[in-house]
Every structure is written in structure tokens, then in C-alpha cells.
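Single-letter residue listing:
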Amino acid sequence: MMRKAGAMLLTALSLLLTACGEPLPVFRETAVPPPESVSAAAGSTDKAVVLPNGPLPQSAYVPPSPPPRFYAEITHTLTPRDDYGRIWPYVGGYVVQWWMAGDLIGLCDGEGRIVCDPVFNLAEIIEKDGKRLYKLTENRVDAEGKDTSKITLCKLDGSGVREYEGVAYEFPGSEYFNGSTLRWRPDFAYAHISVCENGRWGVIDYEGNELLPCKYNNPVCFSDGLAAVLSDDGETYRYIDIKGSSVLGPYKTPSPQQLNQLPFPISDPLIADVKNQTLQRYYGLFFSDGLARFFENGKYGVIDREGGVVVPAQYDFITAFYEGTAEILSGSSYDNFKYGLINASGRVLCGPEDVWLTHQTDGTVLLESPGGHVVLDPETGDKSPWNSKDPASTPSYSQGSSGVVIYWDDGKQSFPYAANVAFLDNGNMALSSRLAETWYIADRSGAMLAGPFDGRVEDFRNGYIYVSAGMSDLNDGTDNTYHTLYNRDGNRVLPEVYREIIPFEGRYLVRQDACAGLLDEQGNWVIKTPIYDYLND
């Protein structure tokens with residue numbers, strides 16, 4: 001039989017039945033105790049109550065107190081109000097279904113009162129020029145397996161709530177051509193947010209105000225004051241301004257073969273609506289540094305914001321411009337591609353040749369080729385010998401039975417008694433010991449700066465060292481590792497260990513075996529909700 005029925009399963013069923021078009025079941029924040037055990041345990045000690053951490057002591061069963069609610073009624077959607085104050089995401093459950101698994105996120109006010117029950121799969125903040133919106137993703141599929149996911153946008157105080165089918169606000173930096181991935185420029189946020197309703201796209205600002213109605217065939221991504229929009233047949237595109245007036249074009253749309261259509265995952269920060277196939281033709285057509293590529297007779301060239309041709313259509317592919325340069329590519333397949341670099345005037349700085357190009361932090365470009373490495377100054381086109389790699393780059397390493405070997409710019413370094421390593425953003429390292437479940441922080445010379453500490457280093461991300469601190473006895477089909485956080489100096493950040501830790505705006509969304517919620521900056525519970533596992537006995 002099933003045991004420990006509680007908030008997580010009801011929420012999971014809520015999502016699944018929503019996808020199937022059935023009514024939502026009532027979501028209860030109070031714990032639902034195990035069948036046939038509660039009545040006996042509540043008044044006697046004849047039967048033990050089985051909970052995630054094992055049998056309770058022989059005493060009366062006392063269910064956990066539910067957190068307070070902002071509303072008396074159950075809330076499956078975020079209701080906009082102007083008196084919440086700042087609202088915060090919290091973990092309220094964990095769902096495992098055939099098509100997804102992960103935390104379920106709800107929203108609470110600053111005092112931990114529930115504003116919205118945990119129905120979202122992801123909570124993040126969209127930000128530009130100091131203006132910020134919550135982006136709350138709810139993954140759904142219908143009975144046929146079709147993606148019916150929704151994205152809610154609202155201000156951080158829960159006002160201006162609006163639900164969309166898709167949202168596009170950021171270019172992820174990577175571009176694709178016939179099996180080759182080119183990452184010439186870093187991620188960047190578009191000037192406005194493009195949103196999708198009823199299969200059509202429009203534009204809002206970073207405060208949620210509508211700038212253009214949802215009437216376009218593709219995400220309308222503004223950069224340098226212009227955005228490309230597709231024709232109804234998808235064969236051409238033109239550039240419009242923020243008033244919706246046509247400014248440039250039409251231009252021929254690159255064919256799917258030219259852009260090598262790729263399936264984009266739902267988690268892609270640019271593409272929330274993977275059903276829109278025309279988006280794949282449009283991918284990457286935007287202005288950057290006042291320049292954009294165009295497609296003509298099977299080749300790519302470059303135009304400026306007035307439509308003047310800066311570079312005739314003569315290359316097999318051209319990336320978006322970044323800091324006055326763009327990468328060019330020639331060849332018909334990954335096996336015979338050659339790469340080069342042009343500047344904003346169309347001058348060829350190098351190639352196309354058998355070379356790989358990488359931006360360095362000092363503004364130069366590293367050219368890596370089978371014949372050796374050289375450094376290119378993109379302003380002058382001058383080349384100079386390469387003496388060392390970018391000093392800000394992360395070194396490579398190997399780990400195995402012989403320990404950890406780190407390959408620095410000027411040589412290698414061995415740590416025979418280390419099991420793994422994580423590189424910190426201040427130049428130091430966190431190393432786990434092979435001899436014991438301990439770890440320490442060392443500088444580049446290998447000198448210990450802090451530690452040893454209990455546990456094993458897993459990763460360094462979000463500015464924190466993630467450390468495994470044992471394993472849970474609860475086998476619920478999810479990662480059963482306990483985690484805790486340390487800062488880069490070796491100071492422990494949180495007072496306890498957790499199955500899941502998600503840093504968020506100085507606070508932490510967390511999940512343990514039997515409870516989850518939100519911690520404040522000091523690691524104290526803002527909201528704590530009960531969670532029970534679901535295993536076949």
C-alpha cells in the first residue's frame with residue numbers, strides 16, 4: 001500500500017489532473033498521516049507511526065502545524081494584490097512524473113504566510129536597468145503529451161500578475177550552424193520582454209506594461225532599437241521599431257538547413273514555446289553593435305541600422321557582433337569548417353582558416369590552431385606570440401586512483417591524496433580527501449587556507465561551496481544526499497543540512513526529508529511546510 005500521503009502527492013496530482021483537464025483536488029497544507037496508524041497513535045501507543053526518519057518514539061502522534069495562510073481558501077494561482085509586501089518563493093513539495101521531476105515552488109509573504117500554494121516548477125527574476133519581474137514557470141502536458149506549460153510574470157510585490165504561453169528576454173550567446181556551436185558573445189538581455197498569448201507574440205517592458213500587442217509570428221526581440229518579425233509564410237522577415245512601424249526589409253529568411261534546426265529544451269532561457277517552429281528559422285537575427293547579419297542566395301552578409309550593406313553576402317555563416325567583431329565560418333559541414341574574424345567595417349582580421357577563436361579578458365582574441373597559438377588584437381589586426389592562456393580561465397584537471405592532477409597555464413600540480421577539486425572564483429581551490437570524509441581550501445601552491453571540514457566537496461556555484469554531508473535513509477527516487485553550504489572562505493552558511501538548497505536573493509529555498517520551505521539570511525525558517533515521501537510498502 002501507499003504510505004505517508006501528504007502535500008506533495010496532492011500537488012503532483014493537481015498538476016497531472018490539470019494537464020488532463022480534470023478538476024483540481026484540494027491541496028492541504030496539513031500533514032495527512034499514514035493510514036490505519038493515526039487513530040491508534042493519537043490515543044495510544046499500540047501501533048508505531050512510520051515517518052520518513054523512521055518510527056516515532058512511543059508517544060502520541062502530533063501532526064506538524066501548518067504554516068499560516070494569507071488567504072483562508074486554497075490558492076492554486078497567484079492572485080494579484082497590492083498589500084503583500086515583498087513576496088518570496090518557497091519549496092512546498094517534490095513531484096516525480098513520467099515527464100518531469102523536481103521541486104514544487106509556492107509563494108509566501110515576508111512573514112511566511114502562504115500567498116500561493118506550490119504549483120510552480122521554477123521561480124526566477126528577470127532584471128534589466130534596475131527593473132525586476134518574477135518569472136514563474138509551471139510545466140504542464142495534456143493527455144496527448146503536448147506541452148501546455150504556462151509562465152506567470154509579476155512584480156516582486158505580487159502585483160501586475162499576467163500568465164503567458166511563452167517568454168523570450170535573453171539571447172543565450174551560443175549560435176548553431178550545421179553541427180557547429182559558436183559562442184562569440186556572452187549572454188545579454190534584450191531591451192524588452194517578448195511574450196506569447198494564443199500562439200502570437202508581443203512586447204512588454206520590464207515593469208510588465210504592454211508595448212506591442214501579441215500579434216506577431218515569432219518572439220519580438222528588441223536590440224539596438226529594432227526587432228525582426230517574420231512574415232505570415234515565414235519566408236521573409238523585416239525589422240520594426242518599438243511603435244511597430246516597419247523600418248528595414250524585407251529580407252530572405254534563412255532556411256532550416258542553413259540554421260540546422262535543433263530541438264530547444266523547455267529550460268532554454270530564450271525559448272519557452274518550443275512548439276513555435278518558425279522561431280528556429282528566426283534564431284539569432286538581431287542587431288548588435290549597430291550591425292546585423294542578413295541572408296541572400298545561400299550566403300550571409302552584414303547590414304547596418306539604415307540597411308546599408310557593410311559586408312556582401314559571401315560567408316556560409318556570421319555570428320552576432322560583439323565588441324566590434326564577429327566570427328565568420330566557411331564550409332559545408334563540421335568536418336571541413338574554417339573560422340575567421342571580421343571587424344565592424346567588414347575587414348577580415350584572420351581566416352577563414354583551421355583555427356579556433358576565443359575571447360580573452362584583456363580584449364584580445366586567442367587563435368588556436370594545429371600549427372600553434374597566437375594572440376590577435378582586434379583593433380589593429382596585429383598578431384603576437386602567445387605566452388600563456390587567459391589568466392582568468394579555469395584550469396583543466398583529471399581525477400582518479402592517482403588523485404587529482406591540475407593543469408595550470410605554466411605546468412601541472414598533483415594532489416595524490418585528493419578525491420576531487422572545485423575551483424573557487426577567488427583563485428583558490430576546495431579539495432576533498434581520499435583518506436577521510438573531509439575537505440579543505442587551498443591556494444594555488446597547495447597550502448591549506450581553511451579546514452579540514454567534514455563532508456565532501458561537490459561543486460562551487462552561485463558563490464557557494466556545496467558540500468555533501470552524508471546520505472538520507474529515505475529512498476524516494478530523488479537525490480538522497482544531504483548538502484550544506486560554505487562560503488569561499490570556508491565559513492558555514494547554513495545551520496543544518498538539506499536535501500536541496502537553492503540560494504535566492506540572500507535567502508535559501510530548501511528541502512529536507514520531511515519538510516521544506518524558505519530560510520532567511522541567517523538560516524532561520526521563514527516558512528516551513530511538511531513533506532512526506534511516497535513509496536510502495
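For the structure, check the block above.
Since this is a predicted model, take the numbers as computed values, not measurements.

(A) Geometry of the overall build of the protein chain. Looking only at helices and strands, the protein chain features 4 helices and 43 strands. Across the 537 residues that make up the protein chain, the buried fraction comes to 49%. In the protein chain, of all internal contacts separated by at least 6 residues, the share reaching a separation of at least 24 is 42%. Of the roughly 24,100 Å² that the protein chain leaves accessible, carbon and sulfur atoms contribute 49%.

(B) Molecular detail of the sheet that holds strand 41 (residues 507–511). Pairing is antiparallel in the open sheet, where 4 strands are placed in the order 40-41-42-43. Each edge of the open sheet carries a strand with a single partner, namely strand 40 (500–504) and strand 43 (525–530). Neighbour-to-neighbour, the strand axes of the sheet open up by a mean angle of 10 degrees, direction not taken into account. As paired elements, strand 40 and strand 41 share 5 bridges and run antiparallel to each other. Each residue of the ladder has a partner; that of proline 503, found in strand 41, is tyrosine 508.

(C) View of the packing of aromatic side chains. All chains considered together, the criterion is met by 23 aromatic pairs. By the ring-pair criterion, three or more aromatic residues cluster together here, those being Tyr237, Tyr239, Tyr251, Phe287 and Phe294. Across from the ring centre of tryptophan 88, 4.0 Å away, lies the NZ or CZ of arginine 86, which sits over that ring. Directly above the ring of tyrosine 466 sits arginine 461, whose terminal nitrogen or CZ lies 3.6 Å from the centroid.

(D) Broad picture of the side chain of aspartate 117. Checked against the element boundaries, aspartate 117 lands in strand 5 (residues 114–120). There is a polar contact of 2.8 Å between the side chain of aspartate 117 and the side chain of arginine 69.

(E) Here's a closer look at the nonpolar core. If you look at the biggest cluster of nonpolar residues, it comprises 28 residues, and the most contacted ones within it are Leu78, Ile87, Leu107, Phe120, Tyr134, Leu136 and Leu518. By residue number, the principal contributor to this core is strand 5, which donates 5 residues. Each residue touching leucine 136, except ones within four places of it in the same chain, is listed here: Leu78, Leu107, Phe120, Leu122, Ala123, Lys150, Ile151 and Thr152. Counting residues in each nonpolar core, the second largest holds 27 residues, with Val311, Ile318, Ala326 and Phe337 among its members.

(F) Spotlight on the pairing of strand 33 (residues 418–423). Buried residues dominate strand 33, accounting for 5 of its 6 residues. Sheet topology note: the strand 33/strand 34 (residues 429–433) ladder contains 5 bridges and is antiparallel. Paired with alanine 418 across the strands is serine 433, a residue of strand 34. Taking the residues that link successive antiparallel strands as the turn, the strand 33-strand 34 hairpin has 5 residues, and the phi of glycine 427 there is positive, at about 95 degrees.

(G) Molecular detail of the sheet that holds strand 7 (residues 131–138). Strand order across the open sheet formed by 4 strands is 6-7-8-9, with antiparallel pairing between neighbours. Looking at which strands have only one partner, the edges of the open sheet turn out to be strand 6 (122–128) and strand 9 (162–164). Strand-to-strand twist across the sheet, computed as the mean angle between neighbouring axes with direction ignored, equals 25 degrees.

(H) Focus on the pattern of salt bridges. Here the structure, examined in full by the defined rule, presents 21 salt bridges. The partner of arginine 511 in a salt bridge is aspartate 103, and the shortest N-O contact between them spans 2.8 Å. Taken together, the residues span a long stretch of sequence, with arginine 511 in strand 41 and aspartate 103 in strand 4 (residues 100–109) at a distance of 408 residues. Taking relative accessible area as the criterion, arginine 511 reaches 5% and is therefore assigned buried. Here the salt bridges do not stand alone but share partners, grouping Arg86, Glu127, Arg132 and Glu505 into one network.

(I) Quick look at the pairing of strand 7. Among the 8 residues in strand 7, 6 count as buried, and that is most of the element. Pairing analysis gives 7 bridges linking strand 6 to strand 7, with the strands arranged antiparallel. Bridge assignment links glutamate 124 to a residue of strand 7, and that residue is lysine 135. Hairpin remark: strand 6 followed by strand 7, antiparallel, with 2 residues in the connecting loop; positive phi at aspartate 129, about 55 degrees.

(J) Structural context of the state of the cysteines. Using the criterion set out here, one finds 0 disulfides in the structure. This cysteine, cysteine 116, is not joined by any disulfide, and cysteine 154 carries the nearest cysteine sulfur, 9.6 Å off. What makes cysteine 116 buried here is its relative accessible area of 0%.

(K) Geometry of unusual backbone geometry. Note the cis peptide between glycine 249 and proline 250, where omega equals 10 degrees. Residue position: proline 250 is located in strand 18 (residues 246–252). The phi dihedral of glutamate 323 is positive, around 50 degrees, even though this residue is not glycine. Here glutamate 323 shows up in the loop between strand 22 (317–318) and strand 23 (325–330). In this structure, asparagine 462 takes a positive phi of about 55 degrees despite not being glycine.

(L) Broad picture of the environment of asparagine 462. As for its placement among the helices and strands, asparagine 462 is situated in the loop between strand 37 (456–461) and strand 38 (464–471). Asparagine 462 sits 42 residues away from phenylalanine 504 along the chain, and the two C-alpha atoms are 9.4 Å apart. A distance of 3.4 Å separates a polar atom in the side chain of asparagine 462 from a polar atom in the side chain of tyrosine 466.

(M) Structural view of the environment of asparagine 524. Summarising the element assignment, asparagine 524 is placed in the loop between strand 42 (515–519) and strand 43. Given a relative accessible area of 43%, asparagine 524 falls into the partly exposed group. Sequence spacing of asparagine 524 and proline 495 is 29 residues, and the spatial spacing of their C-alpha atoms is 8.3 Å. Here asparagine 524 is in contact with Leu518 and Leu519, once residues within four sequence places are set aside.

Quick notes on the rules
- Residues numbered from 1 in each chain as written.
- Predicted model: local features only at pLDDT ≥ 70, side-chain atom pairs only at ≥ 80, totals over all residues.
- Heavy atoms only, no water.
- Helix = DSSP H or I, 4+ residues; strand = E, 2+ residues; numbered from the N terminus.
- Buried < 20%, exposed > 50% of the residue type's maximum accessible area, 1.4 Å probe, protein only.
- Contact = heavy atoms within 4.5 Å.
- Areas by Shrake-Rupley, 256 points an atom, 1.4 Å probe, with all protein chains shown as cover.
- Pairing = 2+ DSSP bridges.
- Axes fitted to C-alpha atoms, helices over the stretch in contact; angles between N-to-C directions.
- Phe/Tyr/Trp six-rings, centres within 6.5 Å; stacked < 30°, edge-to-face > 60°.
- Lys NZ or Arg CZ within 6 Å of the ring centre and 35° of its normal.
- Polar contact = N/O pair within 3.5 Å; in protein donor to acceptor, adjacent residues only side chain to side chain.
- Core = buried A, V, L, I, M, F, W, Y, C linked by side-chain atoms within 4.5 Å.
- Salt bridge = Lys/Arg side-chain N within 4 Å of Asp/Glu carboxyl O.
- Disulfide = S-S within 2.5 Å.

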